[in-house]
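Each chain, letter by letter, is given below.
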Amino acid sequence: MTVVSREEINKILERKGEVRGAAFQSIGDFILKKKSQAGLAKVEAQMKEWGADFYFSKISPMVWYPIGWGALFVLAAQEVFDWTEQDIREMGANAPKSSVVVKLLFKLFSNMKQLAKQIPGFWHKNYTVGEVEVMSLDEDKKEMILHFKDSSFHTSLCKYVEGFAETTIQFSRPKNSVTRVKETKCSFKDNVPYEEYTVQWT
């Protein structure tokens, strides 16, 4: 299965901006868990074929790396293993679980208004470009709308964000609460300059 075209790959590699190495580590941990070291090597080989001189073992959590590499790491895994977008969503949902810092940080904000104030800052601590805006928060309806701006790479990455956001926000909720995150507008499909996600919780 061809997940991404050569033209799309080139555009991703040309994107300006950086991401912290911690993002790669959670993706790599998921690949190792599912496909072992041999599987990870295949993903690295795919990235090199695409033009990213990437070695997972050399990634350091707090160091900045090209933001396009983060997108291609996910897409290379999808390409190599013939994963579906649902598999990529699972990858995203698994990512926060491997970070003690994310768990502890979001557990501090059980109040949704407090959490909403922290979300934009959390993005800027990990990415040098793009932003996340909380467009609305309705505590009575238990619903929040998020817009991710200047961070569109591929439709599969939208599913990754769905899973990541769902798990991350769930950390802030009581154990008997259920969080659901769904992309409700997509820059690739709806001719809008952002990705919109609707967060709902019980």
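Criteria and cut-off values
- Residues numbered from 1 in each chain as written.
- Predicted model: local features only at pLDDT ≥ 70, side-chain atom pairs only at ≥ 80, totals over all residues.
- Heavy atoms only, no water.
- 1 Å grid on protein atoms, 1.4 Å probe; cavity = no way out; pocket = protein on both sides within 12 Å on 5 of 7 lines; lining within 4 Å.
- Points joined across faces, edges and corners; volume = space filled by probe spheres on them.
- Helix = DSSP H or I, 4+ residues; strand = E, 2+ residues; numbered from the N terminus.
- Nonpolar A, V, L, I, M, F, W, Y, C, P; charged D, E, K, R; others polar.
- Salt bridge = Lys/Arg side-chain N within 4 Å of Asp/Glu carboxyl O.
- Buried < 20%, exposed > 50% of the residue type's maximum accessible area, 1.4 Å probe, protein only.
- Pairing = 2+ DSSP bridges.
- Axes fitted to C-alpha atoms, helices over the stretch in contact; angles between N-to-C directions.
- Contact = heavy atoms within 4.5 Å.

Re empty space enclosed by the protein
Reasoning step 1: This structure, assessed with the given rule, holds one cavity of 30 Å³ or more.
Reasoning step 2: Put simply, the largest cavity is a space of about 60 Å³.
Reasoning step 3: Around the largest cavity sit Leu 105, Phe 106, Phe 109, Leu 115, Gln 118, Phe 122 and Lys 125, which together line it.
Reasoning step 4: Elements that contribute at least two residues to the lining of the largest cavity include exactly helix 5 (100-107) and helix 6 (112-126).
Reasoning step 5: Among the elements that make up the lining of the largest cavity, the one with the highest residue count is helix 6 (four residues).
Reasoning step 6: In the lining of the largest cavity, the residues fall into five nonpolar, one polar and one charged.

Looking at the pattern of salt bridges
Reasoning step 1: On inspection of all chains with the given rule, the structure shows seven salt bridges.
Reasoning step 2: With a closest N to O distance of 3.0 Å, Lys 34 and Glu 90 form a salt bridge. Residue Lys 34 is located in helix 2 (residues 22-50), and its partner Glu 90 is located in helix 4 (residues 85-94); the two are separated by 56 residues in the primary sequence.
Reasoning step 3: The exposure class of Lys 34 is partly exposed, given its relative accessible area of 41%.

Considering the sheet that holds strand 6 (residues 194-201)
Reasoning step 1: Spatial strand order, 3-4-6-5: four strands in an open sheet with antiparallel pairing. The sheet is open, and its two borders are formed by strand 3 (131-138) and strand 5 (179-185), each paired with just one other strand. Neighbour-to-neighbour, the strand axes of the sheet open up by a mean angle of 25°, direction not taken into account.
Reasoning step 2: Bridge analysis of strand 4 (residues 143-149) against strand 6 gives seven bridges, and the strand direction is antiparallel. For Met 144, the partnering residue across the bridge sits in strand 6 and is Val 199.
Reasoning step 3: Here helix 6 sits on the sheet and contacts strand 3, strand 4 and strand 6; the angle it forms with strand 3, its principal contact strand, is near 170°.

Looking at the pairing of strand 4
Reasoning step 1: For strand 4, the tally of buried residues reaches six of seven residues, placing the bulk of the element in the interior.
Reasoning step 2: Where strand 3 lies against strand 4, seven bridges are found, and the strand directions are antiparallel. From the neighbouring strand, Glu 133 faces strand 4, where its bridge partner is His 147.
Reasoning step 3: Connecting strand 3 to the next strand, strand 4, in antiparallel fashion are four residues, including Lys 142 with a positive phi near 55°.

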